[in-house]
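Notes for the structure review
For reference, the chains in residue letters:
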Amino acid sequence: MALKRLIAGSLMIACILCGCGNQQSGAGQAGSGSGEPQHVQDAAGSGSAGEDASIEDELVDPPLGDEAASKEVEALPLSGLVICLDPGHGITSASKQEQVSPVSSETKPAYVSGAEGNSQTEEALNLAVAQMTRTELESLGAQVVMTRETDEATVSNIERAQIANQAQADLCIRIHADGSDDSSVYGMSMQVPSGSLLGTPSIEAPSAQAAEIILQTVTEATGARNRGLVQRSDLTGFNWSEVPCILLEMGFLSNADEDAKLAAQEYRQQIASGIAEGVCRWVSVR
């Protein structure tokens, strides 16, 4: 609208200047003595409604709102990226066995309970951090797919992998916390797919690349101990995955100090921000 008013003002000034020149050349012909130049009266009252509408149409600003918004989204660092977030575990009474791999008849439990701390359970912690991470990733332009959005959820490990596969995710990030009989053990690690049971062996290299980068950014953001990458050939969620897939162990709920940190909202947010930063770095080098 600002553009319309500017152009309208310019046209009016041009008309006035043009009319002033005509009046000076024929002053003896204008004879009403009213004090208002005849050309002003003509400009104000002689034009037809059709002419006014034509000028109005020409001055309407182009509808740039949607186009501008689209360009703004395209400029975001993770625009066009699909990320699957898999908050580990879930509360369920279901019980069944499932194939550990599409290339093996070996089976494992489809549903397994998580670790517990003094003030939290793993399935609740995993979901809380995943939701924070979703917010961070979406603010950067990514499309986020969740494998579960409630603590009570009956989703098998094969089904979790299939959700990411069907979404054609660029990366699946499985979010977990650890536990140990030794309460002195602490730190973060990243598990990655490996071995002959992988249904899609091509995910091994990009998964390891993403895991190393994201583990680095998360430990930088939190100050946590970096325990490095752990290759796993026995995880059903890895073996059925057709897209790059990693599993973050955020720390040990069996360690009192780390359990307390993981219960704090600020620390959880640091993890989420670190994951998002890591995804940005990974996208820039993959």
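It should be noted that the structure appears before, not after, this text.
Now for a look at the structure at hand. If you're wondering where the values come from, they're calculated on a predicted model, not measured in any experiment. (Residues numbered from 1 in each chain as written. Predicted model: local features only at pLDDT ≥ 70, side-chain atom pairs only at ≥ 80, totals over all residues. Heavy atoms only, no water.)

Moving on to the packing of helix 9 (residues 256-263) against helix 10 (residues 265-285). For any two helices packed against each other, the geometry comes down to the angle between their axes and how far apart the axes lie. Remark: helix 9 packs on helix 10, axes separated minimally by 5 Å, with the N-to-C direction vectors making an angle of 80°. Put simply, helix 9 runs roughly perpendicular to helix 10. Residues Lys 261, Leu 262 and Ala 263 of helix 9 form the contact with helix 10, whose own contacting residues are Gln 265, Tyr 267, Arg 268 and Ile 271. In terms of residue class, the contact of helix 9 with helix 10 is built from four nonpolar, one polar and two charged. (Axes fitted to C-alpha atoms, helices over the stretch in contact; angles between N-to-C directions. Helix = DSSP H or I, 4+ residues; strand = E, 2+ residues; numbered from the N terminus. Parallel < 35°, antiparallel > 145°, perpendicular 65-115°, else oblique. Contact = heavy atoms within 4.5 Å. Nonpolar A, V, L, I, M, F, W, Y, C, P; charged D, E, K, R; others polar.)

This next bit is on unusual backbone geometry. One non-glycine residue, His 89, lies in the positive phi region at around 70°. Its location among the elements puts His 89 in the loop between strand 1 (82-87) and strand 2 (97-99). The class of His 89 is buried, set by a relative accessible area of 17%. (Buried < 20%, exposed > 50% of the residue type's maximum accessible area, 1.4 Å probe, protein only.)

Okay, the sheet that holds strand 1 next. Taken together, the six strands give an open sheet; going across it, the order is 4-1-5-8-6-7, and neighbouring strands pair in mixed fashion. Of all strands in the sheet, those bounded by a partner on one side alone are strand 4 (143-146) and strand 7 (226-232). Strand-to-strand twist of the sheet, defined as the mean angle between neighbouring strand axes without regard to direction, takes the value 25°. Bridge analysis of strand 6 (residues 188-193) against strand 8 (residues 245-252) gives three bridges, and the strand direction is antiparallel. Bridge pairing links Ser 189 to Glu 249 in strand 8. Where helix 6 (residues 157-166) meets the sheet, its contacts fall on strand 1, strand 4 and strand 5 (171-178), and the angle it forms with strand 1 comes to roughly 165°. (Pairing = 2+ DSSP bridges.)

With respect to the helices and strands, the residue Tyr 267 is situated in helix 10. Taking the C-alpha atoms as reference points, Tyr 267 and Gly 223, separated by 44 residues in sequence, lie 9.9 Å from one another. What Tyr 267 contacts, discounting residues up to four positions off in sequence, is Met 188, Thr 222, Ala 224, Lys 261 and Leu 262.

So, on to the packing of helix 7 (residues 204-222) against helix 10. Two elements in contact, helix 7 and helix 10, have axes whose closest approach is 7 Å; the angle formed by their N-to-C orientations is 140°. In terms of axis orientation, helix 7 runs oblique to helix 10. Judged by the sense of rotation from one axis to the other, the crossing of helix 7 with helix 10 is right-handed. Residues Pro 206, Gln 209, Ala 210, Ile 213, Ile 214, Thr 217, Val 218, Glu 220, Ala 221 and Thr 222 of helix 7 form the contact with helix 10, whose participating residues are Tyr 267, Gln 270, Ile 271, Gly 274, Ile 275, Glu 277, Gly 278, Val 279, Arg 281, Trp 282 and Val 285. Here the contact of helix 7 with helix 10 is built from residues that sort into twelve nonpolar, six polar and three charged. (Left-handed = near helix turned anticlockwise from the far one by under 90°.)

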